[in-house]
Amino acid sequence: MVVPSAVGRDMSPESLPLGTIPMVDMSAPSGRGELARRLVRACAERGFFKAVNHGVPARAAARLDAAASAFFARPAAEKQAAGPPDPLGYGSRNIGANGDAGELEYLILHADPAAVARKATVIDDEDPARFSAAVNEYVDAVRRLACRVLDLLGEGLGLRDPTSFSRLISAVDSDSLLRINHYPTSAATVEADAISKSGCNGIGFGEHTDPQILSVLRANDVDGLQVLLPDGRRGAGDEWVPVPADPAAFFINVGDLLQALTNGRLVSIRHRVMASTSRPRLSAIYFAAPPLHARIAALPETVTAGAPRRYRPFTWAEYKKAMYAHRLSHNRLDLFHASGEDDPDGTNS
Ligand SMILES: C=C1C[C@]23C[C@@]1(O)CC[C@H]2[C@@]12CC[C@H](O)[C@@](C)(C(=O)O1)[C@H]2[C@@H]3C(=O)O
Ligand SMILES: O=C(O)CCC(=O)C(=O)O
Ligand SMILES: [Fe+2]
C-alpha cells in the first residue's frame, strides 16, 4: 500500500516522525554541529533526505536540463548512436544486462570531464562543447554538495578523520557517474501491448538500492519517486512512501558503500520510480563513487563489541563486478556479509 506523501519540516533534534522524509536546511541555521547531527540522524534512520538551501546554482541545473531535453527530443535513431549502454551511454527501457526493464530512456555518463567530452560528440554533434560544459558545470556543483554532506557525516559520526568519505569521491580517478533519466508519459510513448510485453507495468525504474557512496538526485516537477520506509529493507511494516517533486531541492540517499563503510550505521535505502501518466519526468542523479581500486572496509570507529564487523572488506571493482552480475532489485551487500557463505562472483576469491 502507498501511504500519503509526507516530507517533514526541518527536523527537530528530538524526533523523526514515522513515515516522513527528513528535510535538511544545508545553510545550517542552527550551526554546523547541529547540521551534522541532523544529517547523521536522517541517514541512520532513513538513508534519505531532502536538502534545501544546498548552494547548487539554479543556472547549472537549468543548463543541464536544457542539454538533456534537447538530446531526448532527437529522433530515436540518432539517440541510439550514443548507445547501447555498455554500461555507459544511451539506453531505452532495458536497465542493466540482466533482464530489468522500465518505462524510461536514459544517459549514463562517467563524471570525468575527459569521458564526458568523448561521449559528447555523439550526444550533441552540432556543438559537443556545449553539452560537455553543461555536464561538467553541474557535476562540479553536485560533487561539492556531496563532499559537504560527507564531511558533515564524518563529523557527526565522530570519525578521527572526518574527511574519510569525501576523500574517496574527490580522488582524481574516482568512478563517479551522472545518470539522466527521461520518463515519457506512458500513453504518449508506449502502446498498451508494448507495455505489457515489456513487463514494466507502470514501473518507471524498479526497486533497488544505489551501489555507490552517495547519490544526489534532482528532478523536474513531476512526481514518481518513492522510498521504502521506515528502514529501507524489505520486511513487515515497510511501506512505499511517495516523495513529492521539488525541482528546487536535492534528494540525497546513502549508497551501499556508505552502509559498508559505516558498518550499517547509515542505511542504503530502497527506492523506485512509478511511471507518470500525465507529464514527462526528467531526473539527474550524481552517483558519488570511489576509485576502482579503493578498499571498502568498515571504519574502525564504527566497529565495536556491540556492533561487530558486518561486511568483509572488498574493493569497489569487486563490488561492481558482483553488481553487474545481478538484477536491479538484488540485495548486493548481502553477498559481502562477514559471516556469509555466498561467493559474489562464483570464483571463491
Ligand atoms: C540491473 C542493473 C542496472 C545497474 C547495474 C545492475 O546490474 C544492478 C545495479 C544497477 C544500478 C542502480 C543505480 C544506478 O542507476 C546504476 C547506474 C548503478 O550504478 O547501479 C544502475 C546500473 C545500470 O543501470 O547500469
Ligand atoms: O530517476 C529517478 O528519479 C531515480 C532513478 C534511480 O533511482 C536511479 O537511476 O538509480
Ligand atoms: Fe537509484
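Residues numbered from 1 in each chain as written. Chains lettered and ligands numbered in written order. Predicted model: local features only at pLDDT ≥ 70, side-chain atom pairs only at ≥ 80, totals over all residues. Heavy atoms only, no water.

The protein is annotated in an unreviewed UniProt entry as gibberellin 2beta-dioxygenase of Urochloa decumbens. Of the comments in the UniProt record for the protein, the one headed Catalytic activity (unreviewed entry) reads "gibberellin A1 + 2-oxoglutarate + O2 = gibberellin A8 + succinate + CO2". (UniProt positions renumbered as here; feature names shortened; annotations may be inferred.)

**Student:** Looking at this structure, how should I read the coordination of the iron ion (ligand 3)?
**Tutor:** In an ideal octahedron of six donors the angles at the metal are 90 or 180 degrees, and in an ideal tetrahedron of four donors they are 109.5 degrees. The protein atoms that coordinate the iron ion (ligand 3) are His-208 (NE2), Asp-210 (OD) and His-271 (NE2), at distances of 2.1 to 2.2 Å. All donors of the iron ion (ligand 3) come from a single chain, and their spacing in sequence reads H-x1-D-x60-H. Linking Asp-210 in the loop between β7 (203–208) and β8 (214–219) with His-271 in strand β12 (residues 271–274), this pair joins segments that are 61 residues apart in sequence. Just as Asp-210 is buried, His-271 falls in that class too. (Donors = N, O, S within 2.8 Å, 3.2 Å for Na, K, Ca; no water. Helix = DSSP H or I, 4+ residues; strand = E, 2+ residues; numbered from the N terminus. Buried < 20%, exposed > 50% of the residue type's maximum accessible area, 1.4 Å probe, protein only.)

**Student:** Any chance you could explain the site of ligand 1 here in plain terms?
**Tutor:** Residues in contact with ligand 1 amount to 17 residues; listed here are only the nearest, Arg-179, Pro-211, Gln-212, Met-323 and His-326. Contact between ligand 1 and Arg-179: an oxygen atom at 2.8 Å from a side-chain N or O atom of the residue. Between ligand 1 and Gln-212, the relevant distance is 2.8 Å, taken from an oxygen atom to a side-chain nitrogen or oxygen of the residue. When ligand 1 is considered free in solution it has 470 Å² of accessible area, and contact with the protein chains removes 99% of it. (Near = heavy atom within 4 Å. Polar contact = N/O pair within 3.5 Å; in protein donor to acceptor, adjacent residues only side chain to side chain. Areas by Shrake-Rupley, 256 points an atom, 1.4 Å probe, with all protein chains shown as cover.)

**Student:** Mind showing me how you'd approach the side chain of Gln-259 here?
**Tutor:** Along the chain, the position of Gln-259 falls in helix α9 (residues 256–261). Once residues within four sequence positions are removed from consideration, Gln-259 is found in contact with Val-254, Gly-264, Leu-266, Val-267, Ser-268, Arg-310, Tyr-311 and Leu-333. (Contact = heavy atoms within 4.5 Å.)

**Student:** Mind showing me how you'd approach the environment of Gly-255 here?
**Tutor:** Relative to the elements of secondary structure, Gly-255 occurs in the loop between β11 (250–254) and α9. Along the primary structure Gly-255 and Ser-268 are separated by 13 residues, whereas in three dimensions their C-alpha atoms are 4.8 Å apart.

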